[in-house]
Every structure is written in structure tokens, then in C-alpha cells.
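Architecture at a glance
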Amino acid sequence: MTTTAYESLRDGDAVHVWRGRAPDVLGPGDTEPLSDEESKKAGRLPAAAAVRYAAAHTAVRRVLSGYLGVPPGDVVFGRRPCPRCAHPGHGRPRIDWPPTDLDFSLSRSGPHWLLAVVAGRQVGVDLEGGRPLDVDGASRFAMSAAELAHVLSAPDDTARRHAFFRCWTRKEAVVKAIGVGIVTDLSSIDTQPAEDGPALVHHAEGSGPGTWLVQDLPVPAGVFAALARETGPAGPVVVRDHDEDLAGTAHTREVLVR
């Protein structure tokens, strides 16, 4: 089924990025769209983590249903084969039903979540809550030579953390778009962190694209996020705040990212 939301996405070569925050407590029926597998996974998590997992995955189903024209609980998810080993168990997530060329990427950190949606292309998104870490040590492990110089040249600890997470979220967005995760050599990906606007990042796995358009995303203070998408005709990136009422209706505020 073709919907107005899907046509807007496809015809504009756009990327829609939905951002949301999980509540502290879920109400009755809030997780009704979840599959049995998703419900079981949430049930195995500690209480706070279970609420965040269930809220984010429920929101994903509700957002995608608006593009697909089917009830949220009817969407069936699967995985693409890994581009490195072709194993079907750990490739990129995909929509198995209904038939569609929609691609999506979900990232969660603490109560925050991001969902990127695109038509006919691959996309990856990453979100980090700025967790405590040894910035110098992590940078020497994961950064390219140019990125390491950029991080270590920052004037103070706060600036170094910001530089590190800009690099890290950009790298994660690229490997999630490709579908290999952090099993790849992260230091081989140079994300050009000195560039504020969209940057061309080169990294290829298998037969997929080798160049990605990467950019930072607006998120709350203390949180970091980036988007990676295929190069080519590039329409707008529209960031939408996701806020549902008790009936599950999404109210959105939009930000156009350039």
C-alpha cells in the first residue's frame, strides 16, 4: 500500500529521522504492537532497560506503519545477510512484510532513541549518550591518524570528549548502514570530524556502496548522533520529534537539517 508519507519520502529523496525519549513507566496497552519475540526480549531485561527497549520498539512499529499503511503489530522484521560473511543472523535489519523498499536504522542510548527512514537506499544512524570513558585510550584504538590528531588537539577534556563522540557516532552510522557493525577495523574509517557539514566518508564491505554521506544530527545536550546515507541525489534530512498521545497518535515537530 502506498501512503502519503511514503510518497513524500520517496519523491523527495528525503531521509526522515525520528527522535524520541522513552517514558519512565509504561501504561496498559502501550506495548500491544510488539511481537512475541520483542516482548520476550524485553521481559529478560532489568526493569528500566525493559521499559526503554519496549517503548522504542513500539514507537518504531508505529512510525513505520505510517509509511507502510498497515497496523503497527502487522509489520514483520527480518535481517539481510551479512555483507562480509553472508550469514543471515546478523545482517542489517529489514522489513519482511509488507513488501517495501523502505530502509531503516534504529539506535538507542539510555532513554533516547533515533530512527532513520529512507526509500530505496541504505541508511545508518547512531546515538550515544556521552558515557564515561578513557577518551585518549579509546581514540588510539578506534581512530584514524587524522581523527586521533583532531581529538588530541582539542583544548580541554570536554572538547576532547565532544570530538571523540563526533568521530564515534559517524563511524557507527557508517558501519550500521553497511551492516557489519564494529567487527570492522574502525581506524580504517576516516570521518573528517573537522567538517561541520555533511562529509564524504569512504568505506566498503562486500558489493555495497563504498562512499557515504555523513552528518551530525541535532539531539539534546550531552547526547551525540550522526546519520550515514548513500551518495547520489540527496534530498533533505528532516528530523521529527516523536511524541505520542494516549491513543498512540504521533504529534511531530520538524527540523530541516542542512
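Residues numbered from 1 in each chain as written. Predicted model: local features only at pLDDT ≥ 70, side-chain atom pairs only at ≥ 80, totals over all residues. Heavy atoms only, no water.

Once that is clear, we can look at the overall build of the protein. Summing up its helical and strand segments, the protein has six helices and eleven strands in all. Over its C-alpha atoms the protein spans a radius of gyration of 18 Å, differing by no more than 12% from the 18 Å that the globule rule assigns to 258 residues. Seen along its three principal axes, the alpha-carbon backbone of the protein occupies a region of about 50 × 40 × 35 Å. Within the protein, buried positions represent 46% of all 258 residues. Of the contacts formed within the protein by residues at least 6 apart in sequence, a portion of 56% connects residues at least 24 apart. (Helix = DSSP H or I, 4+ residues; strand = E, 2+ residues; numbered from the N terminus. Rg over C-alpha atoms; globule rule 2.2 N^0.38 Å. Buried < 20%, exposed > 50% of the residue type's maximum accessible area, 1.4 Å probe, protein only. Contact = heavy atoms within 4.5 Å.)

Strand order in the open sheet formed by four strands is β6-β9-β8-β7, and the pairing between neighbours is antiparallel. Because the sheet does not close on itself, it has two edges, and the strands there are β6 (123-128) and β7 (199-202). Averaged over all adjacent pairs, the angle separating strand axes in this sheet is 25°, with direction ignored. Here strand β8 (residues 211-216) pairs with strand β9 (residues 224-230) via five bridges, running antiparallel. Counted as the bridge partner of L213 is R229 from β9. Running at roughly 145° to β6, helix α6 (residues 157-178) makes contact with β6, β7, β8 and β9 of the sheet. (Pairing = 2+ DSSP bridges. Axes fitted to C-alpha atoms, helices over the stretch in contact; angles between N-to-C directions.)

This brings us to the confidence of the model for the protein. Per-chain confidence: the protein averages 89 in pLDDT, with 92% of residues scoring 70 or above. When mean pLDDT is taken per element in the protein, strand β4 (residues 102-109) scores highest with 97 and strand β11 (residues 250-257) scores lowest with 55. (pLDDT = per-residue confidence, 0-100.)

The next point concerns the nonpolar core. Note on soluble globular proteins: their nonpolar side chains tend to be buried together. Counting 24 residues, the largest nonpolar core has F164 and V174 as its most contacted members. When residues of this core are traced back to their parent elements, those giving at least two are α4 (135-142), α5 (145-152), α6, β8 and β9. Here this core takes ten residues from α6, the largest share from any one element. If near-sequence neighbours (up to four positions away) are discounted, V174 is found in contact with V201, H203, W212, V214 and A228. Core analysis: the second largest hydrophobic core is formed by 20 residues, L9, A59, V63 and V75 among them. (Core = buried A, V, L, I, M, F, W, Y, C linked by side-chain atoms within 4.5 Å.)

Applying the stated criterion across every chain yields a total of four aromatic pairs. Taking the centre distance of 5.9 Å and the plane angle of 15° together, the rings of F164 and W168 count as stacked. On the criterion of helical spacing, the pair formed by F164 and W168 is a turn pair, its members being four residues apart in helix α6. Seen from their ring centres, F165 and F224 are 5.1 Å apart, and the 15° between their planes marks the pair as stacked. (Phe/Tyr/Trp six-rings, centres within 6.5 Å; stacked < 30°, edge-to-face > 60°.)

Now for the pattern of salt bridges. Scanning all chains against the criterion turns up 13 salt bridges. Among the salt bridges present, the one from D103 reaches R80, with a minimum N-O distance of 3.8 Å. With D103 in strand β4 and R80 in the loop between β2 (76-79) and β3 (93-97), this pair connects stretches of sequence that are 23 residues apart. Judged by relative accessible area, D103 falls into the buried class, the value being 3%. What makes R80 partly exposed here is its relative accessible area of 32%. Salt-bridge contacts for R166 lead to D216; the nearest nitrogen and oxygen are separated by 2.8 Å. Pair noted here: R166 is in helix α6 and D216 is in strand β8, with a separation of 50 residues, a long-range link. It is possible to trace a salt-bridge network through shared partners that takes in R166, R170, D196 and D216. (Salt bridge = Lys/Arg side-chain N within 4 Å of Asp/Glu carboxyl O.)

Mapped onto the secondary structure, R131 falls in the loop between β6 and α4. Separated by 91 residues in the primary sequence, R131 and G222 place their C-alpha atoms 9.3 Å from one another. Not counting the four nearest positions on each side in its chain, R131 is found in contact with R161, F165 and W168.

So, about a positive patch on the surface. A surface patch of positive charge is lined by K40, K41, R44, R79 and R108. Note on placement: R108 falls in strand β4. (Patch = residues over 30% accessible without salt bridge, like charges linked within 9 Å, V, L, I, M, F, W, Y side chains within 5 Å. Areas by Shrake-Rupley, 256 points an atom, 1.4 Å probe, with all protein chains shown as cover. Lys, Arg positive; Asp, Glu negative; His and termini not counted. Charge placed at Lys NZ, Arg CZ, Asp CG, Glu CD.)

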